[in-house]
Amino acid sequence: MTITRTATIISVLCASMGLRSASAADITGTVTYKGTPPAEKEIDKSAGEGCTTHGAKGTTHHYFVGANGEFGNVTIYLEGQAGKNLSTGASAPPVVLDQKDCEYTPVILAVQTGQKLKVKNSDPTTHNVHVQPAEGSGNKGANPIQPANSPDLSLSFDKPEMFVKVACDVHNWMFAWVSVFDHPYFAVSAKDGTFKISNVPAGKYTIVAEHRKAGKATQQIEVKDGGPNKVEFVMPAEAAKSKT
Ligand SMILES: [Cu+2]
């Protein structure tokens, strides 16, 4: 009886303090691209002063696909979590976007609402960071100039939005896309196609893998304390394929 009451008091205390109960687990998985991705377009950086330290030739970076189909730069998230006031962005460490050799690194990012996006300029040249949210998204656009050797910029977003475009108007081949979530349950797949979403409360979820060009793949998952909670996505999803 005493034990039950103590446990109840602890769980009430945890809930009132906004702490997660012990029944939270990680979702891990992989994303694989099946088939041959469309060829990237070549870009010529020779017109950009300070852009050619490592050569003038580059390519677009739409598809990060490894030799065995490992699909990087895919954004994975739990559906149905928006609007629940779950963002921990204000206390989360910043996400870093670098500008190097007049290209963005990385080109696909994800942040929480209120989380800082730190923009660095590692180039000996000036960039502008043109943030272009969709109209009506509730996010504000920005277009700060960042000369060489200037301090990092700090940006943030108020509302959830997929793939907010960031571009440099000085170098018209520079693009990055930032997805914004108002909860912490998302990830971007690494170069080897793996991802991890941490501290997900036990329960049933719809999990989505989304890529700007390869579309969306969706799966159901029941997250259990102690796991393993693994998901394997294969893209492009049939629905996305039939559209093209
Ligand atoms: Cu630039």
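Predicted model, so just to flag it, every value in this text is computed and none were measured. (Residues numbered from 1 in each chain as written. Predicted model: local features only at pLDDT ≥ 70, side-chain atom pairs only at ≥ 80, totals over all residues. Heavy atoms only, no water.)

## Some details on the coordination of the copper ion
Defined as follows: Water is not part of the atom set, so a site may look incomplete; the donors themselves are N, O and S atoms within 2.8 Å of the metal, or 3.2 Å for Na, K and Ca. Helix and strand assignments follow DSSP, with helices taken as H or I runs no shorter than four residues and strands as E runs no shorter than two, numbered in order from the N terminus. Type-normalised accessible area, obtained with a 1.4 Å probe on protein chains alone, sets the label of each residue: buried when under 20%, exposed when over 50%, and partly exposed for intermediate values.
Protein ligation of the copper ion involves H127 (ND1), C168 (SG) and H171 (ND1), the donor distances falling in the range 2.0 to 2.2 Å. Taken in chain order, the donor set of the copper ion reads H-x40-C-x2-H. With H127 in strand β11 (residues 127-128) and C168 in the loop between β15 (161-167) and β16 (175-181), this pair connects stretches of sequence that are 41 residues apart. Note on H127: relative accessible area 0%, which makes it buried.

## Things to note about the confidence of the model for the chain
Filter applied, for reference: Scored from 0 to 100, pLDDT records how confident the predictor is in each individual residue. In this description, contact between two residues means that some pair of their heavy atoms is separated by no more than 4.5 Å.
Considering every residue of the chain, the mean pLDDT works out to 90; 88% of them sit at 70 or more. Counted against residues more than four places away or in other chains, residues 6-18, with its pLDDT under 50, gives one contact.

## Considerations on unusual backbone geometry
With an omega of 0 degrees, the peptide bond running from G227 to P228 counts as cis. One can find P228 in the loop between β20 (215-223) and β21 (230-235). Backbone torsion omega between M235 and P236 reads 0 degrees, so that peptide bond is classified as cis. Residue position: P236 is located in the loop between β21 and α2 (238-243).

## Notes on the pattern of salt bridges
The line we're drawing: The working definition used for a salt bridge is a side-chain nitrogen of Lys or Arg within 4 Å of a carboxyl oxygen of Asp or Glu.
Tallying each qualifying case throughout the model produces four salt bridges. Salt-bridge contacts for K45 lead to E103; the nearest nitrogen and oxygen are separated by 2.8 Å. Here the residue K45 occupies a position in the loop between β2 (42-44) and β3 (57-59), and E103 occupies one in strand β8 (residues 103-105), the gap between them amounting to 58 residues. Across the pair D158 and K140 runs a salt bridge, and its minimum N-O distance is 3.4 Å.

## Examining the environment of F163
Relative to the helices and strands, F163 is located in strand β15. Judged by relative accessible area, which is 16%, F163 ranks as buried. Through-space distance from the C-alpha of F163 to that of I108 is 8.1 Å; in sequence the pair is 55 residues apart. Ignoring sequence-local partners within four residues, the contact set of F163 consists of T75, W177, V178, S179, E210, H211 and R212.

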